[in-house]
Amino acid sequence: MVRPETRRYGVNTPCIQVECPGADTLVFDGGIGLHWLGNALLAESFGSGKGKAHLFFSHTHWSHIQGVPFFVPLLIPGNSIHLYGRAGLYGMQKVLCDQMNPAYCPVPDFFDDAIGAQVDVSELGKSPIRLGSLLIEYAEIGQLHGSPRLGYRISDGMNALAYIPAVEYLNDAVREAARALANDADLLIHDAYYSDEEYPTQQGRGHSCPRQALELAQGASAKRLLLFNHHPERSDQALDELANALNSAELPVECGRERGVYALEER
Amino acid sequence: MLHLQHLIRICSARLSYVADDRLVIHMEITFWGVRGSFPVSSPHCARYGGNTPCIEVNAQDTCVIVDAGTGICSLGKRLVEQGQKEIHLLISHTHWDHIHGFPHFAPLCESDVTIHLYALANANASLKDILCGQQQEPFFPNALDSVNADLHFTDLSEGQRWNIGPIDVQCRRLNHASYTGGFRLESVGKTFSYLSDLDLYGPRLHGEGMNTGTEDEIEQKRIGLQQNALELARDADLMVFDSFFLTEEYKDDWGHSKMEDALRLGAESNARRIAFFHHAPGRSDDQLDELVAHYSTEVHRDADLIAATEGDQVVL
Ligand SMILES: [Zn+2]
Ligand SMILES: [Zn+2]
Ligand SMILES: [Zn+2]
C-alpha cells in the first residue's frame with residue numbers, strides 16, 4: 001500500500017520541470033518523477049517526435065537519475081534530448097550509459113544513435129548555458145566521496161530560480177557558491193533532507209536541514225523558500241511542521257509537493 | 001474471493017494446530033513489493049501497493065527473501081527489530097526493479113548479521129560484481145564492500161537445487177532478458193513458486209545466448225524454457241506470476257507475460273492458487289479488482305486467483 005502519511009507531498013525521487021514561454025522543455029534531475037513528466041509530455045510534441053528537452057542533473061546518485069531509463073520521450077525517434085551534468089572522473093556519458101547496462105536494464109539503449117531520440121550528453125565545465133532568453137548558471141557545491149554536486153540558477157533577465165537539492169555546508173567555499181546561486185532569487189529550492197534535530201548526528205552524509213536552508217535564503221535575500229529532497233520517512237504532517245516553523249510574511253517557506261506548481265511573478 | 005482473502009489475513013500465526021492436535025508448521029508468504037519496473041506512489045495504486053518486487057518466505061523461523069525491490073526497505077527494518085541474524089536472499093535477476101532496494105536494506109548495517117545471496121549465474125559478471133556496481137560512487141555513497149554485515153554470494157547453475165534450513169529450493173532459467181531465474185521453494189509438503197519476469201508463451205526468446213544456433217536448437221531452447229516454468233509451478237500451493245500485460249497491451253519484445261498466461265500455466269501445472277504479480281506501474285487498483293473478478297471465472301477447477309497486494313500474507 002502507499003503509506004497514507006506521505007500521500008500529500010508524495011515520495012517520487014527528485015524531478016522538476018521549469019516552464020518558460022517560448023523555451024524548450026527544461027528539467028532538473030531525473031528521479032522517478034521523470035517518468036510521469038515524460039508521460040505528460042507525450043501528449044505534446046514529444047509524442048510525435050518533435051520535442052526538444054534539456055535535462056540538468058545535480059549529481060548522479062540513483063535518486064537523481066533512476067527515472068531516466070523510464071523517460072519515454074527518449075525512445076521516440078525525432079525527439080532531441082540534451083543531458084547535462086558533472087560526474088568528475090567518471091564522466092556523465094559513462095555514468096548514464098552504465099545505468100543502461102543490460103545486466104541492470106531491459107530498456108533499449110537510447111544512447112545508441114540508431115535507437116530512439118537524438119540524445120546528447122554534456123559534461124558541464126565552467127561556462128553557463130544559454131537557451132533562448134534563459135541563462136542557466138551552475139556551481140559545484142561540494143563533493144561527496146569524489147562525486148561533484150551542482151547547484152543551478154535559472155534566470156530570464158526578470159526572474160531567477162535557484163535549485164540546490166543536495167548540499168552540506170562543510171566549508172565557506174560551499175556557502176559562498178550557494179549564496180551566489182541564490183542571490184536575490186524569486187524562489188530557492190533547497191535540500192532539507194534532515195530535520196534540524198537530526199542534522200547534528202548525521203554530519204558528513206552530504207545533506208542539510210531546514211534551518212540551514214533558511215539561513216542561505218536570508219543571507220542571499222531570496223524571496224521564497226521551498227524545502228526539498230525530503231527524507232523518505234518524513235510524514236506529511238512532519239513536513240507541514242517543518243515549513244510552518246520557518247514560514248514568515250517576509251520569507252514564505254513551504255515544502256515541495258509532488259505535482260505542485262509554483263509561479264514566479266514578473267517583477 | 002473476498003471471503004478467502006479475509007481468511008488469509010487472520011490466519012497469520014506462525015504455528016497452528018489441526019484437529020488431531022499435531023503441531024503443523026506452515027510456510028508463510030508475505031508480499032512487501034508487488035509492482036514492476038519502478039516504484040509508484042500515486043493514489044491509483046494505494047491499495048495494491050507501489051513498491052517493486054520483494055517477497056518474504058518464512059518456514060520454521062528460516063527467513064528467505066525473494067528479490068530486493070524497494071519492498072525490501074520496510075522488511076529490512078523489521079528484520080533488524082526482530083534480531084534476525086541469518087538472512088537468505090534469492091534474486092531472480094539483476095534488473096533495477098529487483099535489486100534497487102538492496103542498498104537501503106537495514107540488515108547491511110548490522111555486524112552480527114549474515115546475508116546469503118543467490119542468483120542464476122550471469123556469464124558476464126558475478127552477482128557480487130553486479131551488486132557492488134550498483135552500490136558505489138558515483139551512484140551511491142556507501143559502498144557494498146564496506147558494509148558491516150557478512151555477505152556470501154552464490155552464482156547458481158541452471159536447475160540447481162539446494163536446501164536452506166527446512167526449505168528445498170530450486171532455480172530454473174526463464175524467458176526474460178539477461179539471465180533470469182524462477183524459484184520453487186518446498187517445505188513441510190507445501191510449495192511456493194516464484195515466476196516473475198518472463199514472457200512464457202511469446203514468440204521471442206529474450207535471454208542472453210538464447211538466440212544463437214540453428215532454428216531447431218532455438219526451438220529446443222524455447223521448449224526447455226516453457227518446461228522450466230511448468231516444473232517450477234507444478235502443484236504449487238501458491239504461484240506468483242509476472243502479469244504485467246493485459247492481452248491488448250502485450251508487446252513481444254519486452255519479456256513479460258499477460259494475465260491470461262498465468263491462468264494457462266496455472267491449469268497446466270495444477271497450481272492451487274495463482275497471484276498476479278509485477279503489476280504494471282500504471283495499473284490501477286480498480287483495474288486489478290476488475291481483472292481478478294473477470295479472470296476468476298476462467299480459473300481451472302477449484303484454484304484461487306488473487307492479485308498480489310503489498311502487506312498481505314498468505315499461509316500455505
Ligand atoms: Zn545524493
Ligand atoms: Zn521486473
Ligand atoms: Zn526484468
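Residues numbered from 1 in each chain as written. Chains lettered and ligands numbered in written order. Predicted model: local features only at pLDDT ≥ 70, side-chain atom pairs only at ≥ 80, totals over all residues. Heavy atoms only, no water.

J.: Hey, could you run me through the overall build of chain A in this one?
T.: When helices and strands are counted, chain A shows 6 helices and 12 strands. For 267 residues, the compact-globule formula gives about 18 Å, and the C-alpha radius of gyration of chain A, at 18 Å, lands near that figure. Along the first, second and third principal axes, the C-alpha set of chain A runs to 50 × 45 × 35 Å. Within chain A, residue pairs in contact and separated by at least 24 positions form 68% of the contacts whose partners lie at least 6 positions apart. As displayed, chain A has an accessible area near 11600 Å², and 50% of this comes from carbon and sulfur atoms. Side-chain charges of chain A comprise 21 positive and 33 negative groups, with the mean position of each set lying 1 Å from the other. (Helix = DSSP H or I, 4+ residues; strand = E, 2+ residues; numbered from the N terminus. Rg over C-alpha atoms; globule rule 2.2 N^0.38 Å. Contact = heavy atoms within 4.5 Å. Areas by Shrake-Rupley, 256 points an atom, 1.4 Å probe, with all protein chains shown as cover. Lys, Arg positive; Asp, Glu negative; His and termini not counted. Charge placed at Lys NZ, Arg CZ, Asp CG, Glu CD.)

J.: Would you mind showing me how to read the packing of helix 5 (residues 215–233) of chain B against helix 6 (residues 259–269) of chain B here?
T.: Packed helix pairs are specified by the crossing angle of their axes together with the interaxial distance, meaning the distance between the axes. Residues and elements named next belong to chain B. Packing of helix 5 against helix 6 leaves a shortest axis separation of 9 Å and a crossing angle of 65 degrees. Considering the angle they form, helix 5 stands roughly perpendicular to helix 6. For the element pair helix 5 and helix 6, the recorded crossing hand is right-handed. The residues of helix 6 that touch helix 5, namely those facing Ala229, Leu230 and Ala233, are Leu265, Glu268 and Ser269. For the contact of helix 5 with helix 6, a count of residues per class yields 4 nonpolar, 1 polar and 1 charged. (Axes fitted to C-alpha atoms, helices over the stretch in contact; angles between N-to-C directions. Parallel < 35°, antiparallel > 145°, perpendicular 65-115°, else oblique. Left-handed = near helix turned anticlockwise from the far one by under 90°. Nonpolar A, V, L, I, M, F, W, Y, C, P; charged D, E, K, R; others polar.)

J.: Looking at this model, I keep getting lost on a negative patch on the surface. Mind explaining?
T.: Residues and elements named next belong to chain A. On the surface, a cluster of negative charge is contributed by Asp109, Asp112, Asp113 and Asp120. Note on placement: Asp109 falls in the loop between helix 3 (92–99) and strand 5 (118–123). Taking relative accessible area as the criterion, Asp109 reaches 32% and is therefore assigned partly exposed. (Patch = residues over 30% accessible without salt bridge, like charges linked within 9 Å, V, L, I, M, F, W, Y side chains within 5 Å. Salt bridge = Lys/Arg side-chain N within 4 Å of Asp/Glu carboxyl O. Buried < 20%, exposed > 50% of the residue type's maximum accessible area, 1.4 Å probe, protein only.)

J.: Looking at this structure, how should I read the domain arrangement of chain A?
T.: A common measure of how large an interface is: the accessible area buried when the components associate. All names here are of chain A. According to the domain assignment, chain A contains domain 1 (12–125) and domain 2 (127–261). With 25 residues of domain 1 at the contact, the number on the domain 2 side is 24 residues. Overall, the association of domain 1 and domain 2 removes approximately 2100 Å² of surface from exposure, summing both partners, and the carbon and sulfur fraction of that is 69%. Its salt-bridge partner being Glu140, residue Arg86 comes within 2.6 Å of it at the nearest N-O pair. Breaking the side of domain 1 that touches domain 2 down by element, the ones donating at least two residues are strand 1 (16–18), strand 2 (25–28), strand 3 (52–56) and strand 4 (80–85). When grouped by side-chain class, the residues that make up the side of domain 1 that touches domain 2 number 14 nonpolar, 9 polar and 2 charged. (Domains from an automatic or database assignment. Buried area = accessible area lost by both parts, 1.4 Å probe.)

J.: Would you take a moment to explain the coordination of the zinc ion (ligand 1) for this structure?
T.: For the zinc ion (ligand 1), the full set of protein donor atoms is His59 of chain A (NE2) and His61 of chain A (ND1), at a range of 2.2 to 2.5 Å. Like His59 of chain A, the residue His61 of chain A is buried in the burial classification. (Donors = N, O, S within 2.8 Å, 3.2 Å for Na, K, Ca; no water.)

J.: What am I meant to see in unusual backbone geometry here?
T.: Leaving glycine aside, a negative phi is the common case for residues, and trans is the common case for peptide bonds. Residue and element names in this part refer to chain B. Here the bond from Glu137 into Pro138 is cis, since omega is 5 degrees, no more than 30 degrees from zero. The phi torsion at Asn270 lies on the positive side, around 60 degrees, for a residue other than glycine. Position of Asn270 relative to the elements: it lies in the loop between helix 6 and strand 14 (273–277).

J.: Mind showing me how you'd approach helix 7 (residues 285–296) of chain B here?
T.: Note on helix geometry: an α-helix contains 3.6 residues per turn, so any two residues three or four positions apart are oriented the same way. Residue and element names in this part refer to chain B. In this model, helix 7 (12 residues) spans 16 Å end to end at C-alpha, consistent with the 16 Å of a helix rising 1.5 Å per residue. Within the sequence span of helix 7, burial applies to Asp285, Leu288, Leu291, Val292 and Tyr295. All buried residues of helix 7 project into a common sector of 120 degrees when viewed along the axis, lining one side. Across from the buried face of helix 7, at angles greater than 90 degrees, the exposed residues are Asp286 and Glu290. The elements touched by buried residues of helix 7 are helix 6, strand 14 and strand 15 (304–307). (Expected span 1.5 Å × (residues − 1). Arc of directions from axis to C-beta.)

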